[in-house]
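As a plain string of letters, each chain reads:
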Number of protein chains: 2
Amino acid sequence: MTQRETALAGHLTPAMIAAAQKEGMPPEFIRTGLAQGTLAIPANVGHHNLDPIAIGTGVRVKINANLGASPHDISLAKEREKLAAAIRYGAHTVMDLSTGGDLNAIRTTLLSECPLPFGTVPVYQVMAEAKRLDDITADHLLEAVRLQAQQGVDFVTVHCGVTRKALPLLKNRVTGVVSRGGAFLVAWMRRFGRENPLFERFDELLDIARTYDVTLSLGDGLRPGCLADANDRAQFHELRVLGQLTQRAWAAGVQVIIEGPGHVPLHLIKKNIRLQQKYCHGAPFYVLGPLVTDVAAGYDHIAGAIGGTLAASLGAAFLCYVTPAEHLKLPEVQDVIDGVIASRIAAHAADIARGLPGAADWDLKISQARRALDWETQIGLSVNPDKARQYRLSSRAKDDQCTMCGRFCAMKVFDERFDEREKD
Amino acid sequence: MTQRETALAGHLTPAMIAAAQKEGMPPEFIRTGLAQGTLAIPANVGHHNLDPIAIGTGVRVKINANLGASPHDISLAKEREKLAAAIRYGAHTVMDLSTGGDLNAIRTTLLSECPLPFGTVPVYQVMAEAKRLDDITADHLLEAVRLQAQQGVDFVTVHCGVTRKALPLLKNRVTGVVSRGGAFLVAWMRRFGRENPLFERFDELLDIARTYDVTLSLGDGLRPGCLADANDRAQFHELRVLGQLTQRAWAAGVQVIIEGPGHVPLHLIKKNIRLQQKYCHGAPFYVLGPLVTDVAAGYDHIAGAIGGTLAASLGAAFLCYVTPAEHLKLPEVQDVIDGVIASRIAAHAADIARGLPGAADWDLKISQARRALDWETQIGLSVNPDKARQYRLSSRAKDDQCTMCGRFCAMKVFDERFDEREKD
């Protein structure tokens, strides 16, 4: 039985209890959310070292870090380092998006070292292993999903909503299709003149997902790749298809997450979230950013944190990180850290804005330490204590001073300590 | 005659024409805004190398970079470097907040090298030069403003709204008063048992401001220093006082900007902006962040960009940057760059969200270059071409590739180039 089937049968699983504990919620809340589909616990029956979490309505916003080698940059050692950094700096899930190297070796190694829910995009393996487009069959697509499910992957991105009906809607786009999986399926459908197998053979996909309790992350293959393409007919057409597939998955006992954009200007984010909620019946929304401008290459973690905070404050449940390397190159370890921290700031700010009980306790504690000029506690409570400590040390500040204000510190002056001189 | 007086008399100045040109607006639009007070052109009659800009409603959101030495970290050379970086990376204004070193030498040197509107907080000079609080008189405060106005400063922060009536409202605050100027005035009022001279002698302040056409940036001395203190009675009490002073300044022909918070959770930003608009009669709102969480020390430029984007999309006109060094130490040159870029992303994203005509043209151009795999144009159009180029070079990508996707590039696959192999 999947987590969803067990929840529907009215029973609790150890995963539900563990996930509830992390949120400080009663397990029954988690069970109800799983039964309704508003929560998912990605937990493959074969992922033995998993520490389960819940993603969706009413729990903390979660963040995902993408890892993975590319044909240009293949190093299992570096991917292991990225995984360790993602875990250390606070990612809630990771995805291995490798398209280069020995994909099975990278995936199974990372998975064996990963207590976080672990996601993949199985179509990448098909793309990477094929010599030519003509060699790729519908069976290959299904078999890649089955293989990775057997390996213990907790959630898979499957671009089931990229259908032939959507093709005419792409004509006037500025950046066409920017999802690698989406672009591949479009190219495959055009080459063979056939429907997307992940759509046509969705029931087979559900069989695989149910067998291993793999959560389907229904991919946004037609997400906008620039502001000019945001909220267009192609994206919303796909979203409506994903909503229909969600109900079929739920009926089959399979857990679902819905993927979303992408590049969306701030004022269009609300409509995007509202339509997802309407079309997809409350399934958790997993957004990539969204990036509120196209010009921030080198700083897309910031553009993504801006859009992600607003999206999550309006109901998105799961933020895929964006790193400073986005649009430029494969991320390095430092990019992974920067991306994780930016997304955590966004998720936390959104938890506060949504009024999640207890979310602002962290802020209150650090502010009380700030008021008390208690630097050790402030640093320990910072979103990345390593960086805060390094900044503090590099300033060579003494005692309770900081080099910004010194004796003109507002905290001190407010306490009538203006006349105090530094011992220097 | 000040810019405002000239505008009220129905005439255009060279500054209005230059500012209008930068916005692609008719000069008459700028003149009307100045007359109504919804726009300001900070332009001291003695700042000879100034390239004027307009700040306020209907023009691009502007960003300010804070510079300045502290008693712990005094180097004119470093401050000149920071100024050069702020100009190079796209700040619209700078403020010299020095509290250490030869303040007049630093200020006049930076000012002579600065074509941007240049701001200061004159009370810092009083604080820095006094031996004890008891030595400081009301005259000192007014004289510091006069001295800096004579030196050519374009706008000054004056905490005129920190009055004795506000003191009882501060009792239950978590972080008390976090504005250095605000905390100093509270300490002064308590020590002497007298009213804030910048409030009591506001007409003298207006005389100085009118004489040199110094724009008054009415300081938010009681801004919240943590989420728990956001939108409290103390802040809104001060804001109401600033609204009354705004009308007196306008009646005297003096230009006004209103300063705002600070630390504000995302869901409370809207109320903050709406009350500023209501109390302050449409005067331009200049916010510091706002920071949407207290825990982001080391990454406060990101927390500030999130809050700043939302604030500016709702009507704030002017964003004071926050750097990664905030809450930890005096910023270095790299912090200045990071702060400027984060704020520019926020300002630009807000311009798009507000529907400013032409704001998204930049995004369209870079996206067209991205679709064409035209890397040189993409890099040139990035918010910081230096960083984008360095990332691209460090990846050692060849031809039209990037190391993220290589031949699996969605742009190429969408163009049916899946079967292309890299020449390697």
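As the structure is a prediction and not an experimental result, all values here were calculated from the model. (Residues numbered from 1 in each chain as written. Chains lettered and ligands numbered in written order. Predicted model: local features only at pLDDT ≥ 70, side-chain atom pairs only at ≥ 80, totals over all residues. Heavy atoms only, no water.)

Could you clarify how one ought to interpret helix α10 (residues 202-212) of chain B in this entry?
Every α-helical turn comprises 3.6 residues, leaving residues that sit three or four positions apart pointing alike. Residue and element names in this part refer to chain B. Every buried residue belonging to α10 is among Phe202, Leu205, Leu206, Ile208, Ala209 and Tyr212, and all of these are buried. With its buried residues spanning 160° around the axis, α10 presents them on a single face. Contacts made by the buried residues of α10 are with α7 (138-151), β6 (155-158), α9 (197-200), β7 (215-218) and α11 (233-251). Within two residues after α10, aspartate 213 carries a phi angle of roughly 50°, on the positive side. (Buried < 20%, exposed > 50% of the residue type's maximum accessible area, 1.4 Å probe, protein only. Helix = DSSP H or I, 4+ residues; strand = E, 2+ residues; numbered from the N terminus. Arc of directions from axis to C-beta. Contact = heavy atoms within 4.5 Å.)

Looking at this structure, how should I read the domain arrangement of chain A?
How big an interface is tends to be stated in terms of the accessible area lost upon association of its parts. Residues and elements named next belong to chain A. On domain assignment, one finds that chain A holds domain 1 (3-353) and domain 2 (361-414). A C-alpha centroid distance of 37 Å is found between domain 1 and domain 2. At the interface, eight residues of domain 1 touch five residues of domain 2. Across the domain 1/domain 2 interface, buried area totals approximately 550 Å², and carbon plus sulfur atoms make up 55% of it. Counting the surface domain 1 buries against domain 2, the share from its top three residues, Ile341, Arg344 and His348, is 60%. Taken together, the connections running from domain 1 to domain 2 amount to one salt bridge. (Domains from an automatic or database assignment. Buried area = accessible area lost by both parts, 1.4 Å probe. Salt bridge = Lys/Arg side-chain N within 4 Å of Asp/Glu carboxyl O.)

When you look at the nonpolar core in this model, what are you seeing that I'm missing?
With 252 residues, the main nonpolar core has Phe184 and Leu218 of chain A together with Phe184 and Leu218 of chain B as its most contacted residues. Leave out the neighbours within four places in its chain, and phenylalanine 184 of chain A touches Val123, Met127, Leu133, Ile136 and Leu141 of chain A together with Val413 and Phe418 of chain B. (Core = buried A, V, L, I, M, F, W, Y, C linked by side-chain atoms within 4.5 Å.)

Can you help me understand the packing of helix α12 (residues 269-279) of chain B against helix α13 (residues 300-314) of chain B in this one?
The description of two packed helices rests on the angle between their axes and on the distance between the axes. All names here are of chain B. Between α12 and α13, the least distance of the axes is 10 Å, while the angle of their chain directions is 40°. As summarised for this structure, α12 and α13 are arranged oblique, according to the angle between their axes. Between α12 and α13 lies a crossing whose hand is right-handed. On α13, the residues that touch Ile269, Lys270, Ile273, Arg274 and Gln277 of α12 are Gly307, Leu310, Ala311 and Leu314. When grouped by side-chain class, the residues that make up the contact of α12 with α13 number five nonpolar, two polar and two charged. (Axes fitted to C-alpha atoms, helices over the stretch in contact; angles between N-to-C directions. Parallel < 35°, antiparallel > 145°, perpendicular 65-115°, else oblique. Left-handed = near helix turned anticlockwise from the far one by under 90°. Nonpolar A, V, L, I, M, F, W, Y, C, P; charged D, E, K, R; others polar.)

Please explain the state of the cysteines as it appears in this structure.
Residues and elements named next belong to chain B. Under the definition given, this model contains zero disulfides over all chains. There is no disulfide at cysteine 114, and the cysteine sulfur nearest it, in cysteine 320, is 14 Å away. Using a relative accessible area of 0% as the deciding quantity, one classes cysteine 114 as buried. Between cysteine 402, a free cysteine, and cysteine 405, which holds the nearest cysteine sulfur, the sulfur-to-sulfur gap is 5.4 Å. Classification of cysteine 402 by relative accessible area gives buried; the value is 13%. (Disulfide = S-S within 2.5 Å.)

How should the sheet that holds β7 of chain B be read in this particular structure?
Sheets are built from strands that pair by backbone hydrogen bonding, the pairs being arranged parallel or antiparallel. Residue and element names in this part refer to chain B. The strand order around the closed barrel built from eight strands is β3-β4-β5-β6-β7-β8-β9-β10, with neighbouring strands paired in parallel fashion. Going across the sheet, the axis of each strand differs from the next one's by a mean of 25°, ignoring polarity. Here three bridges tie strand β8 (residues 256-260) to strand β9 (residues 285-288), and the two strands are oriented parallel to one another. The residue bridging glutamate 259 from the neighbouring strand is tyrosine 286, located in β9. (Pairing = 2+ DSSP bridges.)

When you look at the packing of aromatic side chains in this model, what are you seeing that I'm missing?
In this description, a pair of aromatic rings is defined by centroid distance and the angle of the planes. For the structure shown, the criterion picks out 10 aromatic pairs over all chains. Taken together, a centroid distance of 3.9 Å and an interplanar angle of 20° make the contact between tyrosine 286 of chain B and phenylalanine 318 of chain B stacked. Within this pair, whereas tyrosine 286 of chain B is found in strand β9, its partner phenylalanine 318 of chain B is found in strand β10 (residues 318-320), the two being separated by 32 residues in sequence. Residues tyrosine 286 of chain B and phenylalanine 318 of chain B agree in their burial class; the two are buried. Members of the aromatic cluster, connected to one another through ring pairs, are Phe155, Tyr286 and Phe318 of chain A. It is lysine 329 of chain A that lies over the ring of tyrosine 391 of chain B; its NZ or CZ is 5.1 Å from the centre. One residue, lysine 387 of chain A, lies across the ring of tyrosine 299 of chain B, its end atom 4.3 Å from the ring centre. (Phe/Tyr/Trp six-rings, centres within 6.5 Å; stacked < 30°, edge-to-face > 60°. Lys NZ or Arg CZ within 6 Å of the ring centre and 35° of its normal.)

Looking at this structure, I do not really get the pairing of strand β9 (residues 285-288) of chain A. What am I missing?
Remember that side chains alternate between the two faces of the sheet whenever the strand is regular. All names here are of chain A. Each parallel crossover has a hand, and for strand β8 (residues 256-260) linked through helix α12 (residues 269-279) to β9 it is right-handed. As paired elements, β9 and strand β10 (residues 318-320) share three bridges and run parallel to each other. Note on β10: the bridge partner recorded for leucine 288 is cysteine 320. Read from β9 through helix α13 (residues 300-314) to β10, the crossover connection turns out right-handed. (Right-handed = clockwise from strand over helix to strand, strands pointing away.)

Honestly, the UniProt feature "binding site: Zn(2+)" (unreviewed entry) in chain A in this entry has me stumped. Any pointers?
UniProt tags His263 and His327 of chain A as "binding site: Zn(2+)" (unreviewed entry). Spanning 65 residues, the annotated positions come together in the fold, the maximum distance between their C-alpha atoms being 12.1 Å. Residue class for histidine 263 of chain A comes out buried when judged on its relative accessible area of 6%. Among all residues touching histidine 263 of chain A, those that are not within four sequence positions of it are Pro224, Gly225, Cys226, Leu227, Ala230, Leu291, Thr293, Asp294 and His327 of chain A together with Arg370 of chain B. Polar side-chain contacts of histidine 263 of chain A include one of 3.3 Å to the backbone oxygen of glycine 225 of chain A. If near-sequence neighbours (up to four positions away) are discounted, histidine 327 of chain A is found in contact with His263, Leu291, Ala297 and Asp300 of chain A together with Arg370, Trp375 and Gln378 of chain B. There is a polar contact of 3.3 Å between the side chain of histidine 327 of chain A and the side chain of histidine 263 of chain A. (UniProt positions renumbered as here; feature names shortened; annotations may be inferred. Polar contact = N/O pair within 3.5 Å; in protein donor to acceptor, adjacent residues only side chain to side chain.)

Explain the pattern of salt bridges to me, please; I cannot follow it from the model alone.
For side chains bearing opposite charge, pairing can occur when the charged atoms are close. Residue and element names in this part refer to chain A. Considering all chains together, one arrives at 53 salt bridges over all chains under this definition. Notably, a salt bridge pairs glutamate 113 with arginine 80, separated by 2.9 Å at the nearest N-O pair. With glutamate 113 in the loop between α5 (103-112) and β5 (118-120) and arginine 80 in helix α4 (residues 76-89), this pair connects stretches of sequence that are 33 residues apart. Here arginine 248 and aspartate 203 are joined by a salt bridge, their closest N and O atoms 3.2 Å apart. With arginine 248 in helix α11 (residues 233-251) and aspartate 203 in helix α10 (residues 202-212), this pair connects stretches of sequence that are 45 residues apart.

Even after reading the chapter, I still don't get the interface of chain A and chain B, so can you show me in this structure?
Each partner contributes residues to the interface: chain A has 102 residues there, and chain B has 101 residues. Overall, the association of chain A and chain B removes approximately 8,700 Å² of surface from exposure, summing both partners, and the carbon and sulfur fraction of that is 67%. It is Val295, Tyr299 and Phe414 of chain A that lose the most area in chain A upon contact with chain B, and together they represent 9% of the buried surface on that side. Our enumeration of links across chain A and chain B arrives at two salt bridges. A salt bridge links arginine 191 of chain A to aspartate 419 of chain B, with the shortest nitrogen-to-oxygen separation between them at 3.4 Å.

Just to check I follow, could you spell out the side chain of aspartate 300 of chain B for this structure?
Following the sequence through the fold, aspartate 300 of chain B ends up in helix α13. Despite its burial, aspartate 300 of chain B pairs with no opposite charge, the nearest such side chain being arginine 370 of chain A at 5.4 Å. If near-sequence neighbours (up to four positions away) are discounted, aspartate 300 of chain B is found in contact with Leu291, Val322, Thr323, Pro324, Glu326 and His327 of chain B. (Lys, Arg positive; Asp, Glu negative; His and termini not counted.)

It is not clear to me how the relation of the copies chain A and chain B should be interpreted in this structure. Could you clarify?
Superposition of the two copies of the chain requires a rotation about an axis and a shift along the axis. Here chain A sits on chain B after a turn of 180° about the axis and a move of 0.0 Å along it, with an RMSD of 0.0 Å. Interpreted geometrically, this transformation is the action of a two-fold axis. Across chain A, the smallest distance between a C-alpha and the rotation axis is recorded for isoleucine 306 of chain A, namely 2.3 Å. A high fraction, 99%, of the interface residues of chain A reappear at the interface in chain B, so the copies pair face to face through one surface. (Least-squares fit on C-alpha atoms with pLDDT ≥ 70 in both.)

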